[in-house]
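Spelled out from the first residue to the last, the chains are:
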Amino acid sequence: MRPPYCAICNASHRDHDYESFTLVYFRAIAAPLEHEGHPENALWFCKDHVRYTEGKTEMSAIVAMVHIRAAVRRNAPNPWPLTSMP
Ligand SMILES: [Zn+2]
C-alpha cells in the first residue's frame with residue numbers, strides 16, 4: 001500500500017495525520033496485478049477532499065478524478081474576481 005498522498009492536493013502524511021486520509025475505492029477496471037501492492041482503483045484523499053468522492057465510487061478512478069477535479073475547481077474561490085479588475 002502506498003503511503004497517504006492526496007490525489008487532489010498532493011498533501012502527504014507530512015502535512016496531515018495519517019488518520020485524516022481516506023483510501024477511496026473506485027470501480028475496478030483491471031484485475032489487480034500480483035506484484036503491485038497498491039490496488040489500481042484506490043486513491044488516497046485528505047480530509048478536505050474526500051467529500052468530493054461521494055457518489056463517484058461507481059466510476060473508474062480515471063473518470064472519477066476528472067469529475068472530482070472539476071468539482072474542486074468549481075468550489076475554489078475565484079482567483080480573478082471581477083471586482084479586482086482595475
Ligand atoms: Zn487534498
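Right above here is the structure, for reference.
Just so you know, these numbers come straight off a predicted model, no measurement behind them.

Asks: I'm lost on the overall build of the chain in this one. Help?
Replies: Counting secondary structure elements, the chain contains 1 helix and 2 strands. In sequence order, the secondary structure elements of the chain are arranged as β-β-α. Counting every position in the chain, which comprises 86 residues, the buried fraction comes to 20%. Of all intrachain contacts in the chain linking residues separated by at least 6 positions in sequence, the fraction that spans at least 24 positions is 53%.

Asks: What is the right way to look at the nonpolar core in this model?
Replies: Soluble, globular proteins show a tendency: their nonpolar side chains are buried together. Counting 14 residues, the largest nonpolar core has Cys-6, Ala-7, Leu-43, Trp-44, Phe-45 and Cys-46 as its most contacted members. Looking at this core, the elements that each hand over two or more residues are strand 2 (42-45) and helix 1 (61-75). In this structure Cys-6 touches Ala-11, Trp-44, Phe-45, Cys-46 and His-49, once residues within four positions along its chain are discounted.

Asks: Got a minute to help me understand helix 1 in this structure?
Replies: Structurally, the α-helix is built with 3.6 residues per turn, so residues lying three or four positions apart point the same way. With 15 residues, helix 1 ought to run about 21 Å at 1.5 Å a step, and its terminal C-alpha atoms sit 20 Å apart, in line with that. Buried residues of helix 1: Ala-61, Ala-64 and Ile-68, and no others. For helix 1, the buried positions fall inside an angular range of 60° around the axis, keeping them on one side. Those residues of helix 1 that are exposed and aimed more than 90 degrees away from the buried face are Ile-62, Val-66, Ala-70, Arg-73 and Arg-74. Tucked into the core, helix 1 has its buried residues touching strand 2.

Asks: Would you mind showing me how to read unusual backbone geometry here?
Replies: With the exception of glycine, the majority of residues adopt a negative phi angle, and the majority of peptide bonds are in the trans configuration. The phi torsion at Asn-10 lies on the positive side, around 65°, for a residue other than glycine. Here Asn-10 lies in the segment before strand 1 (22-25). According to the C-beta neighbour criterion, Asn-10 is exposed, with 9 such atoms within 10 Å.

Procedures and definitions
Residues numbered from 1 in each chain as written. Predicted model: local features only at pLDDT ≥ 70, side-chain atom pairs only at ≥ 80, totals over all residues. Helix = DSSP H or I, 4+ residues; strand = E, 2+ residues; numbered from the N terminus. Buried ≥ 20, exposed ≤ 12 C-beta atoms within 10 Å, placed from the backbone. Contact = placed C-beta atoms within 7 Å. Core = buried A, V, L, I, M, F, W, Y, C linked by C-beta atoms within 7 Å. Expected span 1.5 Å × (residues − 1). Arc of directions from axis to C-beta.

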